[in-house]
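Descriptive structure summary
For reference, the chains in residue letters:
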Amino acid sequence: MQRALALARQALGRVSPNPAVGAVLVRDGQVVGEGFTQPPGGPHAEAVALEQAGEAARGSTLYVSLEPCCHQGRTPPCTEAIIAAGVAEVHMAFPDPDPDVSGRGQKELEAAGIAVQVGEREEEARRLNEAYVKHRTTGLPFVIAKFAASLDGRIAAASGDSRWISGSESLRWAHEQRTMVDAMMVGVNTILVDDPQLTARPGGQESEHQPLRVVVDSGGRTPASARVLRGPGRALIATGEGFDPSWRQAVEAAGAEVLVLAGRGDSLDLRPLLTALAERGVLSVLAEGGGILLGSLFDQGLVDKVQVIIAPMIIGAVEAPAAVAGRGAHRLAEAWRLREVEVERLGDNVLITGYPSKRGE
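Only a predicted model underlies this, so the values are computations on that prediction, with no experimental measurement involved.

**Focus: the nonpolar core**
Judged by nonpolar contacts, the single largest core of 52 residues is most densely connected at L25, L62, I82, V87, V90 and L229. With four residues, the top contributor of residues to this core is helix α2 (residues 45-53). Setting aside residues up to four positions removed in sequence, I82 forms contacts with E46, L50, L62, P68, V87, V90, L109 and I114. By size, the runner-up hydrophobic cluster in this structure holds 33 residues, among which are L273, L297, F298 and L302.

Here is the structure:
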């Protein structure tokens with residue numbers, strides 16, 4: 001199963017709205033076939049492994065990181081292929097939360113006389129596909145709040161200068177993370193101050209997979225010249241009502257899609273935006289700031305995971321922007337706290353990862 005999970009990681013961010021799945025076929029102690037989910041329209045992990053194994057699949061044991069599908073989608077049901085290939089035993093990490101599968105795949109395999117074992121490395125498998133599980137059980141994408149801050153919680157100097165709080169190793173890590181998500185999201189102030197590309201460039205090279213670039217811009221202030229509107233991949237601007245029609249025409253001519261949400265003013269209800277993204281097959285969203293956007297996401301209870309890079313510097317200054325704004329907590333008892341915290345070094349920086357919850361949750 002460990003090998004199946006390693007294979008599944010290679011599919012992260014590249015196969016949505018499908019889950020990232022890895023599969024390994026073993027016969028007489030030898031691996032005879034393996035594979036991971038291909039982009040939509042391509043074969044699932046089990047089909048790749050079965051094709052590689054050929055006749056050696058008969059009598060083999062299949063290790064797969066998620067329950068095999070049993071319904072006709074873009075590809076035929078994996079359960080049918082497993083049964084037809086004569087696989088003798090299936091070890092699956094956990095049941096598929098998709099209502100179209102949800103235990104039915106296991107039942108079909110068992111009805112065909114195949115022994116099925118469930119639960120091997122389940123926690124690790126669920127964590128790997130946490131975005132898929134969230135999407136299928138709630139209809140919303142999995143939101144990761146990510147930012148780099150100084151020791152005193154600032155994301156920029158008083159002048160607005162934020163390059164570079166984090167170091168080179170943190171930057172490399174950040175670009176690797178971008179290759180594993182479906183969408184990136186920033187607020188319009190980040191565009192106006194930093195003019196970022198928001199592309200995935202691991203190792204300094206543009207990745208084949210580019211996440212959807214989402215700008216939250218309630219007032220229609222994104223300039224048509226912004227770099228986020230150019231380059232590989234697609235860009236979407238989420239805005240409110242009452243924008244200047246000529247602005248929309250200009251940014252659409254520059255290549256952006258404009259999504260109009262109900263409401264106007266300084267902030268938007270972000271849940272309808274996330275719902276719209278989920279309906280487009282977006283499973284995961286990496287929200288990279290700034291403080292106003294992150295504050296809104298926390299205030300609206302929409303953050304599922306936090307990734308914070310802490311740089312060993314002190315910025316100070318009342319005017320320097322904080323990492324998270326918004327209403328926030330009036331009392332410490334109302335503050336978000338991280339659980340399942342992991343800490344690692346990225347050069348001189350420290351990466352803290354965890355899942356937000358409030359006291360009593």
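**Description of the sheet that holds strand β13 (residues 337-346)**
Sheet architecture is open: nine strands sit in the order β10-β9-β8-β7-β11-β6-β12-β14-β13, paired in mixed fashion. Looking at strand neighbours, the two that pair on one side only are β10 (256-260) and β13, the edges of this open sheet. For this sheet the average axis-to-axis angle between neighbouring strands, irrespective of direction, equals 20°. Direction of pairing for strand β9 (residues 235-239) relative to β10: parallel, over a ladder of five bridges. Within β10, the position partnered with I237 by the bridge is V258.

**A look at the side chain of S170**
Following the sequence through the fold, S170 ends up in helix α7 (residues 168-178). A distance of 2.8 Å separates a polar atom in the side chain of S170 from a polar atom in the side chain of N349. Beyond its immediate sequence surroundings of up to four residues, S170 is in contact with I309, L346 and N349.

**Quick look at the packing of aromatic side chains**
Using the criterion set out here, one finds two aromatic pairs in the structure. Here the aromatic rings of F298 and W336 are separated by 6.3 Å at their centres, their planes lie at 50°, and the arrangement is tilted. You can see F298 sitting in helix α11 (residues 291-299) and its partner W336 sitting in the loop between β12 (305-311) and β13, a full 38 residues away along the chain. The ring of W336 is capped by K358, whose NZ or CZ atom sits 4.7 Å from the centre of that ring.

**Topic: the packing of helix α3 (residues 78-85) against helix α4 (residues 104-111)**
Two quantities define a packed helix pair, namely the angle between the axes and the distance from one axis to the other. Between α3 and α4, the least distance of the axes is 10 Å, while the angle of their chain directions is 20°. The angle between α3 and α4 places the two elements in the roughly parallel class. By crossing handedness, the relation of α3 to α4 is classed as right-handed. Contacts between α3 and α4 involve T79, I82 and I83 on the former and, on the latter, G105, E108 and L109.

**Some details on the pattern of salt bridges**
Between side chains of opposite charge, a pair can form when the charged atoms approach closely. Under the criterion given, the structure shown has 17 salt bridges. Here K305 ties to E130 by a salt bridge, and the two come within 3.0 Å at their closest N and O atoms. Residue K305 is located in strand β12, and its partner E130 is located in helix α6 (residues 130-138); the two are separated by 175 residues in the primary sequence. The same class applies to K305 and to E130, which are both buried. Across the pair E257 and R280 runs a salt bridge, and its minimum N-O distance is 2.7 Å. Residue E257 is found in strand β10, and its partner R280 is found in the loop between α10 (270-279) and β11 (284-287); the two are separated by 23 residues along the sequence.

**Considering the environment of E257**
What makes E257 partly exposed here is its relative accessible area of 31%. A sequence separation of 91 residues divides E257 from S166, and the C-alpha atoms of the two residues are 31 Å apart. At 2.7 Å, the side chain of E257 forms a polar contact with the side chain of R280.

**Points about the pairing of strand β5 (residues 115-118)**
Note that strand β4 (residues 89-92) and β5 share four bridges and pair parallel. Looking at β5, one finds that M92 is bridged to V118. Handedness of the crossover joining β4 and β5 through α4 is recorded here as right-handed.

**Focus on helix α1 (residues 2-9)**
Within α1, the full set of buried residues consists of A4, L5, L7 and A8. Within α1, the buried residues cover an arc of 160° as seen down the axis, which keeps them to one side. Of the surrounding elements, those touching the buried residues of α1 are β1 (22-27), β2 (30-36), β3 (61-64) and α5 (122-128).

**Structural notes on the pairing of β4**
As defined by bridge partners, β3 adjoins β4 across four bridges and the pair is classed as parallel. Counted as the bridge partner of V64 is M92 from β4. Between the parallel pair β3 and β4, the chain is carried across by α3, and the sense of this crossover is right-handed.

**Here's the deal with the sheet that holds β3**
Overall, mixed pairing links the five strands, which are arranged β2-β1-β3-β4-β5 in an open sheet. Single-partner strands in this sheet number two, and they are β2 and β5. Direction aside, neighbouring strands of the sheet carry axes that sit 15° apart on average. On the sheet, α1 packs against β1, β2 and β3 and is oriented at approximately 145° with respect to β1. Strands β4 and β5 of the sheet are contacted by α4, whose axis makes an angle of about 150° with β5.

Calculation criteria
Residues numbered from 1 in each chain as written. Predicted model: local features only at pLDDT ≥ 70, side-chain atom pairs only at ≥ 80, totals over all residues. Heavy atoms only, no water. Core = buried A, V, L, I, M, F, W, Y, C linked by side-chain atoms within 4.5 Å. Buried < 20%, exposed > 50% of the residue type's maximum accessible area, 1.4 Å probe, protein only. Helix = DSSP H or I, 4+ residues; strand = E, 2+ residues; numbered from the N terminus. Contact = heavy atoms within 4.5 Å. Pairing = 2+ DSSP bridges. Axes fitted to C-alpha atoms, helices over the stretch in contact; angles between N-to-C directions. Polar contact = N/O pair within 3.5 Å; in protein donor to acceptor, adjacent residues only side chain to side chain. Phe/Tyr/Trp six-rings, centres within 6.5 Å; stacked < 30°, edge-to-face > 60°. Lys NZ or Arg CZ within 6 Å of the ring centre and 35° of its normal. Parallel < 35°, antiparallel > 145°, perpendicular 65-115°, else oblique. Left-handed = near helix turned anticlockwise from the far one by under 90°. Salt bridge = Lys/Arg side-chain N within 4 Å of Asp/Glu carboxyl O. Right-handed = clockwise from strand over helix to strand, strands pointing away. Arc of directions from axis to C-beta.

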